[in-house]
Amino acid sequence: MKQRTIWTIAVIMGLSFLALLLLQLQYIRAMAEMKKEQFDESVNRALYQASRNLELNETLRYLEKDLKEKSREENNRNYSPFELKTITTKPSKTPKAMILRPDKNEISEASKSMQELVRNRFVYQKALLNEVVYSILYSASDKPLKERINFKMLDKDLNAELVNNGIKIPYHFRVSTQDGREVYRCPEYSEEGEEYTYSQVIFRNDPQSKMGVVKVHFPDINSYIYSSVRFMIPSVIFTIVLLITFIFTIFVIFRQKRYSEIKNDFINNMTHELKTPIASISLASQMLNDDSVNKSPAMMKHLGTVINDETKRLRFLVEKVLQMSMFDRKKAVFKKKELDLNEMVENVANSFTLRVEHTGGKIYTDIGAVDSAIYVDEVHFQNVINNLLDNAVKYRKPDQPIDIYLTTWNDKDNLYLSVRDTGIGIKKDNLKKVFDKFYRVHTGNVHDVKGFGLGLAYVKNIVDLHNGEIKVDSEYGKGTTFTIKLPVIRETS
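By convention here, each chain's residues receive numbers from 1 onward along its written sequence. Side-chain atom pairs in this predicted model are given and counted only at pLDDT of 80 or more, local residue features only at pLDDT of at least 70, and totals for whole chains, interfaces and linings cover all residues. Side-chain numbers here rest on the full set of heavy atoms in the structure, without hydrogens or water.

A. Representation of unusual backbone geometry within the structure. Backbone geometry places Phe-203, a non-glycine residue, at a positive phi of 60 degrees. Secondary structure elements follow DSSP: runs of H or I no shorter than four residues count as helices, runs of E no shorter than two count as strands, and numbering proceeds from the N terminus. Tracing the backbone shows Phe-203 in the loop between strand E3 (197-202) and strand E4 (212-217). One non-glycine residue, Asn-467, lies in the positive phi region at around 60 degrees. Relative to the elements of secondary structure, Asn-467 occurs in the loop between helix H12 (455-465) and strand E10 (469-475).

B. Looking closely at the sheet that holds strand E9 (residues 414-421). Strand order in the open sheet formed by five strands is E6-E8-E9-E11-E10, and the pairing between neighbours is mixed. Two strands lie at the open edges of the sheet, namely strand E6 (362-367) and E10, each paired on one side alone. With strand direction ignored, the average angle separating the axes of adjacent strands in the sheet is 15 degrees. Sheet analysis places E6 next to strand E8 (residues 403-410), joined by six bridges and oriented parallel. Paired with Thr-365 across the strands is Leu-406, a residue of E8. Pairs of residues are marked as contacts when any of their non-hydrogen atoms sit within 4.5 Å. The angle between two axes is taken between their N-to-C directions and runs from 0 to 180 degrees, where each axis is a line fitted to C-alpha atoms and a helix contributes only its stretch in contact. Contacts between helix H9 (residues 341-358) and the sheet are confined to E6, E8 and E9, with E6 contributing the most and set at about 170 degrees to the helix. A pair of strands is labelled paired if DSSP reports no fewer than 2 bridges between them.

C. Just the nonpolar core, in detail. Residues Ile-374, Phe-381, Ile-385, Leu-388, Leu-389, Ile-404 and Ile-484 are the most contacted members of the largest nonpolar core, which totals 40 residues. Taken together, the elements giving at least two residues each to this core come down to H9, strand E7 (373-377), helix H10 (378-394), E8, E9, H12, E10 and strand E11 (479-487). Those residues in contact with Leu-388 that sit more than four places away from it in its chain are Val-419, Leu-456, Val-459, Phe-482 and Ile-484. Within this scheme, the nonpolar core is defined by two criteria: the residues are buried Ala, Val, Leu, Ile, Met, Phe, Trp, Tyr or Cys, and they are joined through side-chain atoms within 4.5 Å. To sort residues, take the accessible area from a 1.4 Å probe on protein chains only and compare it with the maximum for the residue type: under 20% means buried, over 50% means exposed, and anything in between is partly exposed. Membership of the second largest hydrophobic core comes to 30 residues, among which are Leu-54, Tyr-189, Phe-203 and Ile-221.

D. Focus on the pattern of salt bridges. Here a salt bridge means any side-chain nitrogen of Lys or Arg lying within 4 Å of a carboxyl oxygen belonging to Asp or Glu. By the definition in use, this model includes twelve salt bridges. The salt bridge partner of Lys-394 is Asp-390, with a shortest N-O separation of 3.2 Å. Residue Lys-394 and its partner Asp-390 are located together in helix H10, separated by four residues, close to a single helical turn. Through salt bridges with shared partners, one network takes in Arg-174, Glu-182 and Arg-185.

Below, the structure is given as structure tokens:
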């Protein structure tokens, strides 16, 4: 599948997942807002009814008190003899012969007169009652809020009204004057959830300076609001998990695609590399079998040398692939022993001198390490240094000499070896990939530099397995430096 097609599918699927997640979050937010509005309305309705109950209870209390006082006054009143006689004397019965039957017009007039009399009586009594009530309330407003409010009764009313409106969560309340002076707060009062406070004026018919305010807040309001959308939380979590899994899958697809491309390059390079020694061996064997070719001792020696060298080369290439396969399966076996890094560097430099001088360059060694003892596998660690020198020669500037600098030094806990060259260098984009298996830095023609892309991967594996570190620094066009850090061997007394 083409990379463009993969990117198109990835973008479409990613946007779909994000849109689904946003829709779910929007739905949760809308449900929470709706729940909050319903909660606000229920609380305000409960507070209003509780304040009404408080005012009605006060009115009834004062009316009962006033009626008791009036009754007591009536009981204590002294009547005159005439009033007592009027009260106790019963009206005489009218003789039946004296009763006259009124006509219909007289009944109609009497009915209208009675209705008018009842209406006037009702208006009068209503006005009288209003006057009494307002008189009671006005006289009550002179008292402080502490004396006018039964706080336990207020708490019961609040609880009852909240339950009636479907709210059954803990609440805290306090009462204050209109100017903000606190009069009362419930014993278990806390400030948690105080950012959502609901207020209700009490004694609204009083003068403004005599009014009170009851304020209620709910510590568990957020839990209550979002309890209605908890069933959506698993859906959101699963969507996020699917989105993360999708992103990881796309990442794996691209990584596998890159590995596939690297593998194809490796197969092409390996085929090219193996064909060269095979062709040389095949040509030499044909010459040996050709009767027309002069079989002089010099020719026989030359053909034998070619076959031997190309066989060694072929065996080296195969062994390199087998070594990397062995490291992948974690079956590498080291024969470690104590060696001197300075001595090893000198030996490798001497064996590589001819190859470097053939390009017109030179190898420079700066042996500065004092504690140069290392505990490594001799063959593998020599291969590490040889691979680094081989890379330096391979990636030199065309038709220019290559200079290589080998340096060793110490710090308190570690021993260092650096291999610096004056070759073409490595671009910054490729620096992080040079230690990847099968990766080769392209220089225009895929086959202009021999190799499988296994050399630096092998180097890093060997260094890591010896508890060391390797890093690379390069400036394109000026050269590359590989630095190996190894732990120092401590002498035990």
